[in-house]
Amino acid sequence: MFAKKMFSTMTAALLTASILTPTLSFAAQNDGSEAKPLRVILVPADGGTEDGTKKDFQPVFDAISKFYNIKFDIKVGQSYGAVVEAMCNGAADIAWFGPASYMQAHNRGCADLLALAVKNDQSIYYSGIFARKDANINSITDLKGKKIALGDVNSTSSFNVPVAMMLANGVNPAKDASVINMAGSHANVLKALAEGLVDAGGASFDSYEKAVNQKAIDPSKIKVVMKSAPIPNPPLAVHPELSKELKAKLKFAFSNVAKMDGITKEQIRGYGGAKVDGYTSAVSEAQMAETGRMFDTVTDQVKTEIMQKAGKR
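Residues numbered from 1 in each chain as written. Predicted model: local features only at pLDDT ≥ 70, side-chain atom pairs only at ≥ 80, totals over all residues. Heavy atoms only, no water.

Peer 1: I'd like a rundown of the packing of aromatic side chains, residues and numbers included.
Peer 2: All chains considered together, the criterion is met by nine aromatic pairs. One aromatic cluster in this structure is built from Phe61, Phe72, Phe254 and Tyr279. Just above the ring of Tyr126 sits the side chain of Lys227; from NZ or CZ to the centre is 4.3 Å. Positioned above the aromatic ring of Phe205, the side-chain terminus of Lys227 is 5.0 Å from the ring centre. (Phe/Tyr/Trp six-rings, centres within 6.5 Å; stacked < 30°, edge-to-face > 60°. Lys NZ or Arg CZ within 6 Å of the ring centre and 35° of its normal.)

Written as structure tokens, this is what we have:
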């Protein structure tokens, strides 16, 4: 368990650009001054607006800015993939990822772990496969022939982990599902379930609980088919080319932000605006890599086949 520690084929030219661009842009990393604020990009929070996502995190960055006089320019990416590209083309210095999208950026040399949110002395959450009770689904194998909803293809807990759980239990969604609905987000997966558009779907338990609390889904009509192993919380990451001094300041700041002036416990938020106790910089690349092995069966070919199946109506 992780505790407080923690669709198309590219052309040769595009592939070359994706390799060279990060190297050419390293010198463009900002330093946190007034003239060159650290550029922060956040993955679009589940079911939240761009303004809402920025509002969730602004108090944390404001407190750090006041403590260290480090300036931040915060933006929200249009997709998980866009956040990866922003870090890897030199357009961002700090990013908030999901574990799967973090691994993409880290493996390209564009991101290192900075901090994870902590709640109740843990930095974990869970993915799950949920089903309508009237769909006659009692196990993963019962998903064969059913309509399945999934989130963003780069999402850890609404795509990669649910698909990995299916594959591990003998279900290939691209071949075995009658319909695949690429809903784009956890909230949309759960909405499709609530409206009876699909029989089952993948989402995080945090998103499911949020939908229940908002009365967006009736829990009496939904069952849990499978719950994942623990997953580390969506990480904050820093570009490797930031100075060692600045990285050290940021790690100290996030680890101590809950004690800083100008911020209340109510204002310390994590993914989707959920209240958290704080952040920890005691995070491990080895542990995150181990998490990546949870969905290493979800290859590019598997993703392509699922997207192709989803495109068929």
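Peer 1: So, the confidence of the model for the chain: which residues are in play, and what are the values?
Peer 2: In this model, the chain carries a mean pLDDT of 88, and residues with pLDDT of at least 70 account for 89%. With pLDDT under 50 throughout, residues 1-27 is counted as low confidence; its partners more than four residues away or in other chains account for 47 contacts. (pLDDT = per-residue confidence, 0-100. Contact = heavy atoms within 4.5 Å.)

Peer 1: Which residues make up the packing of helix 2 (residues 50-68) against helix 9 (residues 244-256), and what are the values?
Peer 2: The N-to-C vectors of helix 2 and helix 9 enclose an angle of 125°; their axes lie 10 Å apart at closest approach. With respect to helix 9, the axis of helix 2 lies oblique. Crossing hand, helix 2 versus helix 9: right-handed. Listed contacts from helix 9 to Val60, Phe61, Ile64, Phe67 and Tyr68 of helix 2 are Lys249, Phe252, Ala253 and Phe254. (Axes fitted to C-alpha atoms, helices over the stretch in contact; angles between N-to-C directions. Helix = DSSP H or I, 4+ residues; strand = E, 2+ residues; numbered from the N terminus. Parallel < 35°, antiparallel > 145°, perpendicular 65-115°, else oblique. Left-handed = near helix turned anticlockwise from the far one by under 90°.)

Peer 1: Kindly report on the sheet that holds strand 7 (residues 147-150), identifying the contributing residues and their values.
Peer 2: Read from one edge of the open sheet, five strands run 8-7-9-6-10, paired in mixed fashion. Each edge of the sheet is formed by a strand with only one pairing partner; in this case those strands are strand 8 (179-182) and strand 10 (222-227). Ignoring strand direction, the axes of neighbouring strands in this sheet form an average angle of 25°. Pairing of strand 7 with strand 8 involves four bridges; the strand directions are parallel. Within strand 8, the residue paired with Ile148 across the bridge is Ile180. (Pairing = 2+ DSSP bridges.)

Peer 1: Pulling in residues and values, what's your account of the nonpolar core?
Peer 2: Counting residues in each nonpolar core, the largest one holds 52 residues, and the members touching the most others are Phe72, Phe97, Leu250, Phe254 and Tyr279. Here the element with the most residues in this core is helix 3 (residues 80-88); it accounts for six residues. Not counting chain neighbours up to four residues away, the residues in contact with Leu250 comprise Leu38, Ile70, Phe72, Ile94, Leu114, Val238 and Leu242. Core analysis: the second largest hydrophobic core is formed by 28 residues, Ala135, Phe159, Ala174 and Ala200 among them. (Core = buried A, V, L, I, M, F, W, Y, C linked by side-chain atoms within 4.5 Å. Buried < 20%, exposed > 50% of the residue type's maximum accessible area, 1.4 Å probe, protein only.)

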